[in-house]
Amino acid sequence: MSTPTPVPTVRPLTTRDADALIEAAVRAAGGLGVQGSVTVLDAGGHLLGFRRDDQAVLISGETSTRKAYTALQLDTPTADLIDLVRPDGLFHTLPTALDRPLLFIAGGVPLHRDGRLIGALGFGGGAPEQDHRIAVAATAEAALA
């Protein structure tokens, strides 16, 4: 009888990872002149880190969290989901069908380690394209894309 191959364990997202992601997002946002909020969620959708710049619009905290949650639940950058919720899109009823804080606006990205989903990051406060660039830059810097 053969011995089952052990499933490799993947180190979960840590508070140290969240801090590094937040700092990377703040640097990327500063480079674009954007004041906003960044949210980091773990694989279970629980808040692991959050920061709102002093001059950010208040709603950016909510949008960054919803973008992160959406990216986590669908394991896809929110920028890639926008067309799916248009009236003729595959998921057009999804935003209202669930009692969950989904938000289909660019700025949320899933986080992976060794090919496994370990969390998500969301940025809000700039134009959607800026928010996406900031989120992607932060995950690339932290090597968690």
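See above for the structure.
Residues numbered from 1 in each chain as written. Predicted model: local features only at pLDDT ≥ 70, side-chain atom pairs only at ≥ 80, totals over all residues. Heavy atoms only, no water.

1. Concerning the environment of L58
Let me state the cut-off plainly: Helix and strand assignments follow DSSP, with helices taken as H or I runs no shorter than four residues and strands as E runs no shorter than two, numbered in order from the N terminus. Using a 1.4 Å probe on the protein chains alone, a residue whose accessible area is under 20% of its type maximum counts as buried, one over 50% counts as exposed, and one in between counts as partly exposed.
Counting through the fold element by element, L58 comes out in the loop between β2 (47-52) and α2 (59-74). Overall, the relative accessible area of 68% leaves L58 in the exposed class. On a C-alpha basis, the gap between L58 and G36 in space is 8.7 Å, while along the polypeptide they are 22 residues apart.

2. Concerning the pairing of β2
A regular strand places its side chains so that they alternate between the two faces of the sheet. Definition in use: At least two DSSP bridges between two strands are needed for those strands to be called paired.
Examined bridge by bridge, strand β1 (residues 37-42) and β2 share 5 bridges and lie antiparallel to one another. The residue of β2 that forms the bridge with V40 is G49. The antiparallel pairing of β1 with β2 creates a hairpin that spans 4 residues between the two strands, and G45 there sits at a positive phi of about 85 degrees.

3. As for the packing of helix α1 (residues 15-32) against helix α4 (residues 128-141)
Short version of the rule: Only C-alpha atoms enter the line fits that serve as axes; for helices the fit covers just the stretch in contact. Angles between N-to-C directions range over 0 to 180 degrees. Relative orientations are named as follows: roughly parallel for angles under 35 degrees, roughly antiparallel for angles over 145 degrees, roughly perpendicular for angles from 65 to 115 degrees, and oblique for any other angle. What makes a crossing left-handed is the near helix being turned counterclockwise from the far one by less than a right angle; a clockwise turn instead makes it right-handed. For this analysis, residues touch if any pair of their heavy atoms sits within 4.5 Å. For this classification, Asp, Glu, Lys and Arg are treated as charged, while Ala, Val, Leu, Ile, Met, Phe, Trp, Tyr, Cys and Pro are nonpolar and the rest, including Gly, are polar.
It is at 8 Å that the axes of α1 and α4 come closest, and there the two elements cross at 135 degrees. Our classification of the angle between α1 and α4 gives oblique. Crossing hand, α1 versus α4: right-handed. Two secondary-structure elements touch here, α1 through L21, A24, A25, R27, A28, A29 and L32 and α4 through Q130, R133, I134, A137, A138, T139 and E141. Here the residues of the contact of α1 with α4 sort into 9 nonpolar, 2 polar and 3 charged.

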